[in-house]
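# A structural walkthrough
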Amino acid sequence: MPLKNIKEMSLDAKIPEGPLAEKWSKHKFNLKLVNPANKRKYDVIVVGTGLAGGAAAASLAELGYNVKAFCFQDSPRRAHSIAAQGGINAAKNYQNDGDSVYRLFYDTIKGGDYRAREGNVYRLAEVSVNIIDQCVAQGVPFAREYGGLLDNRSFGGSQVSRTFYARGQTGQQLLLGAYSALNRQIHLGKVKMYTRTEMLDVVTVDGQAKGIVTRNLITGEIETHSGHAVLLCTGGYGNVFYLSTNAIGSNVTAAWRAHKRGAYFANPCYTQIHPTCIPVTGDHQSKLTLMSESLRNDGRVWAPKTVAVAEQLRKGAIRADQVKEDDRDYFLERKYPSFGNLVPRDVASRNAKEMVDDGRGVGGSGFAVFLDFADAIHRLGKDAVAAKYGNLFDMYYQITDEDPYKQPMRIYPAVHYTMGGLWVDYNLSTNIPGLYALGECNFSDHGANRLGASALMQGLADGYFVIPYTLGDYLATIGPKPVDTKHPAFEQTKQDVIARINKLLALKGTKTVNEYHRDLGHIMWEYCGMARTEEGLTKAKGLIQALRADFWKNAIVVGANEEVNASLERAGRVADFLELGELMVDDALMRKESCGGHFRLESQTPEGEAMRDDEHFAFVAAWEYKGDNQPEVLNKEVLDFEFVHLTQRSYK
């Protein structure tokens with residue numbers, strides 16, 4: 001990146017002063033309040049109704065605010081949060097195994113490779129204990145031990161059991177809890193729910209967010225909605241890679257359009273690659289399916305020790321259960337004896353890739369390693385394993401036609417979660433006053449790598465326990481003066497949206513939008529995935545620019561606006577992905593270090609582990625939009641570590 005596009009300044013994250021354990025409590029006391037009688041004078045827009053959005057909408061309505069909630073699904077129950085399987089972290093220490101709020105804080109900071117804010121992460125660990133109580137009160141059926149106490153299991157990056165779970169359906173059960181609370185407020189009239197409605201732009205008045213422009217996905221009607229604040233809770237952008245574990249509808253459009261209105265986009269290249277995904281089978285696939293990280297509690301990850309044995313397995317000459325113990329390499333247990341198969345996701349993913357690159361991959365494609373439950377079944381019995389993981393085993397069988405009780409699962413890393421997102425301060429406010437980002441939509445508290453079972457924790461923490469306090473501080477400052485959609489800014493933004501839609505509908509080329517999306521995904525995975533080089537990233541930038549130019553000449557979008565039009569919906573989302581992809585590559589090019597799952601081959605330890613450069617890159621990269629086809633400007637938020645000593649991450 002040319003130096004003229006970098007601002008050597010530090011963004012103000014508004015982290016409170018004082019001891020780590022007192023920051024949030026003191027901050028809550030110092031925030032301005034809106035009295036109960038005045039809360040009903042404020043309108044709040046919530047875009048997205050997954051865990052972060054559903055929790056925020058329900059909580060704010062319960063407090064007395066008037067909430068307008070939007071989702072593009074036909075029901076909030078279809079939010080992608082429902083797909084989370086393995087669990088949610090909380091520092092309850094029910095196992096009496098040495099856990100604490102500070103240990104959860106430390107594990108999260110370390111797991112993120114020291115690229116997250118201390119203040120935010122400690123708050124996340126602190127409120128985690130309240131989340132479990134909240135969800136139990138809502139009726140979430142967490143697993144329980146024989147005596148009736150809530151059960152816990154372990155997840156990667158931790159040596160304690162702190163993950164609460166509901167079999168392999170934790171996300172679904174938590175979402176149903178939030179949905180129940182949301183439904184109650186809809187019934188009471190405090191939440192007005194807009195389903196099948198997609199946000200296409202943010203309206204700003206005098207530099208403050210005052211509303212949104214939406215498209216009704218049934219009728220095509222373009223509408224404007226006003227509010228005293230706008231909360232974006234629209235998830236991550238993993239589908240920029242085309243193949244990911246995300247729902248096909250998951251996209252970056254809401255966050256990206258906010259970015260183009262002035263909101264900084266932080267750490268866009270921070271992508272989480274999940275190690276336990278069912279491998280790709282061909283170009284016919286539109287998405288990938290995750291196998292929960294919880295399986296690594298009892299499953300053992302291995303690859304053949306030799307290329308010769310791997311070739312026999314790939315040809316089908318032998319079965320996995322016929323490979324002798326001496327011919328198996330339990331590589332995670334061998335390399336990381338302290339954590340074994342429960343190393344963090346980035347470490348497990350990178351090591352699986354190394355096995356494949358070494359010619360020891362399995363399966364027809366050779367792009368897989370084994371996750372084997374033979375030892376667990378022998379030790380615990382098939383019934384006990386089925387009680388823990390039965391629905392996940394059934395899912396695997398339905399997709400692969402292979403019985404994991406008899407043969408090991410085949411797994412390979414895949415794009416799962418994005419740690420990057422809109423830049424927010426400690427109050428979850430973007431740099432645009434009145435515009436907030438919650439959950440995976442913001443650049444989050446996870447640094448360069450999210451520990452397993454922390455996505456649900458962050459979404460619910462933001463929605464239930466952070467935004468109800470911090471939003472009030474802003475609303476008390478601006479006052480309850482009504483916001484009028486007749487303001488010229490609303491009409492101008494609406495016309496901008498209509499012009500973009502018409503531009504997309506005018507595309508009458510020969511190549512489908514889906515083909516462009518797949519081509520972008522190949523570029524991103526090849527050059528901006530698990531392993532990156534300066535040469536590869538530079539090549540990717542040129543390829544994306546050429547692909548985007550071709551999109552606007554040769555793509556085809558069928559149908560009209562005034563109807564259900566999936567072609568138009570997808571075209572808008574892919575056009576945004578094509579712009580985001582280039583920014584991700586720029587961000588990865590700028591960050592000349594390895595951290596978390598972002599492995600620059602030029603920056604590694606003698607043992608082949610990720611090597612950070614704390615002297616030059618201990619900052620959050622917050623990118624500022626400067627116009628179409630113009631280089632974005634980099635703003636830096638320097639990360640100060642007062643309570644944690646920066647060290648080389650080790651799980652050995």
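Provided above is the structure to which this section pertains.
Described below are features of the structure shown in this document. (Residues numbered from 1 in each chain as written. Predicted model: local features only at pLDDT ≥ 70, side-chain atom pairs only at ≥ 80, totals over all residues. Heavy atoms only, no water.)

### Focus: the overall build of the protein chain
A tally of helices and strands in the protein chain yields 18 helices and 24 strands. For a compact globule of 652 residues, the expected C-alpha radius of gyration is about 26 Å, and the protein chain comes in at 24 Å, within 12% of that figure. Taken across its 652 residues, the protein chain has 61% of its residues classed as buried. Expressed as a percentage of contacts within the protein chain between residues at least 6 apart in sequence, the contacts between residues at least 24 apart total 75%. (Helix = DSSP H or I, 4+ residues; strand = E, 2+ residues; numbered from the N terminus. Rg over C-alpha atoms; globule rule 2.2 N^0.38 Å. Buried < 20%, exposed > 50% of the residue type's maximum accessible area, 1.4 Å probe, protein only. Contact = heavy atoms within 4.5 Å.)

### A word on the pattern of salt bridges
What the rule picks out here adds up to 47 salt bridges. The partner of Lys-626 in a salt bridge is Glu-624, with the nearest N and O atoms 3.3 Å apart. Taken together, the shared-partner salt bridges connect Asp-113, Arg-115, Asp-346, Arg-591, Glu-593, Arg-612, Asp-614 and Arg-649 into one network. (Salt bridge = Lys/Arg side-chain N within 4 Å of Asp/Glu carboxyl O.)

### Overview of the sheet that holds strand 7 (residues 197–205)
Taken together, three strands build an open sheet; the order of strands is 7-8-9 and the sheet is antiparallel. The open sheet is flanked by strand 7 and strand 9 (222–226), the only strands paired with a single partner. The sheet shows a mean angle of 30° between the axes of neighbouring strands, taken without regard to direction. Running at roughly 140° to strand 7, helix 14 (residues 488–505) makes contact with strand 7, strand 8 (208–216) and strand 9 of the sheet. (Pairing = 2+ DSSP bridges. Axes fitted to C-alpha atoms, helices over the stretch in contact; angles between N-to-C directions.)

### Things to note about the packing of aromatic side chains
Evaluated as defined, the whole model comprises 24 aromatic pairs. Judged by centre distance (6.0 Å) and plane angle (75°), the ring pair of Trp-24 and Tyr-426 falls under edge-to-face. Taken together, the residues Trp-24 in helix 1 (residues 23–30) and Tyr-426 in the loop between strand 17 (421–422) and strand 18 (435–437) connect sequence positions 402 residues apart. In terms of burial, Trp-24 and Tyr-426 fall into one category: buried. Plain terms: the ring middles of Trp-24 and Tyr-469 are 5.8 Å apart, the flat faces sit at 80° to each other, and that makes the pair edge-to-face. Here the residue Trp-24 occupies a position in helix 1, and Tyr-469 occupies one in helix 13 (residues 455–478), the gap between them amounting to 445 residues. Relative accessible area serves as the criterion here: at 2%, Trp-24 is assigned to the buried category. Given a relative accessible area of 39%, Tyr-469 falls into the partly exposed group. Among the aromatic residues, those joined into a cluster by ring pairs are Phe-373, Tyr-389, Phe-393 and Tyr-405. The ring of Tyr-469 has Lys-28 lying over it, and the distance from NZ or CZ to the ring centre is 5.0 Å. (Phe/Tyr/Trp six-rings, centres within 6.5 Å; stacked < 30°, edge-to-face > 60°. Lys NZ or Arg CZ within 6 Å of the ring centre and 35° of its normal.)

### Considering helix 10 (residues 345–357)
Under the 1.5 Å per step criterion, the end-to-end length of helix 10 is 18 Å for 13 residues, consistent within 8% with the ideal 18 Å. Among the 13 residues in helix 10, ten count as buried, and that is most of the element. When we look at burial in helix 10, the residues that qualify are Arg-345, Asp-346, Val-347, Ala-348, Ser-349, Arg-350, Asn-351, Ala-352, Met-355 and Val-356. One or two steps after helix 10, the chain reaches Gly-359, where phi turns positive at roughly 85°. (Expected span 1.5 Å × (residues − 1).)

### A closer look at the environment of Val-240
Here Val-240 is to be found in the loop between strand 10 (229–232) and helix 7 (253–260). The spacing of Val-240 and Ser-250 is ten residues in sequence and 9.6 Å in space, taken between C-alpha atoms. Excluding residues that lie within four positions of it along the chain, Val-240 makes contacts with Leu-520, Gly-521, Met-524, Phe-577, Leu-580, Gly-581 and Met-584.

### Observations concerning the sheet that holds strand 13 (residues 300–304)
Note on sheets: strands pair through backbone hydrogen bonds, and any given pair is parallel or antiparallel. The five strands are arranged 12-16-15-13-14 in an open sheet whose pairing can be described as antiparallel. With partners counted over all chains shown, the strands left at the sheet margins are strand 12 (271–277) and strand 14 (328–329), one partner each. Inspection of the sheet shows strand 15 (residues 369–372) paired to strand 16 (residues 409–418) by three bridges, in the antiparallel sense. Paired with Val-369 across the bridge in strand 16 is Ile-411.

### Details of unusual backbone geometry
Positive phi outside glycine occurs at Asp-206, with the angle close to 55°. With a relative accessible area of 77%, Asp-206 lands in the exposed category. For Ala-453, which is not a glycine, the phi torsion comes out positive at approximately 70°. In this fold, Ala-453 is placed in the loop between strand 18 and helix 13. Among the residues examined, Ala-453 registers a relative accessible area of 5% and is labelled buried.

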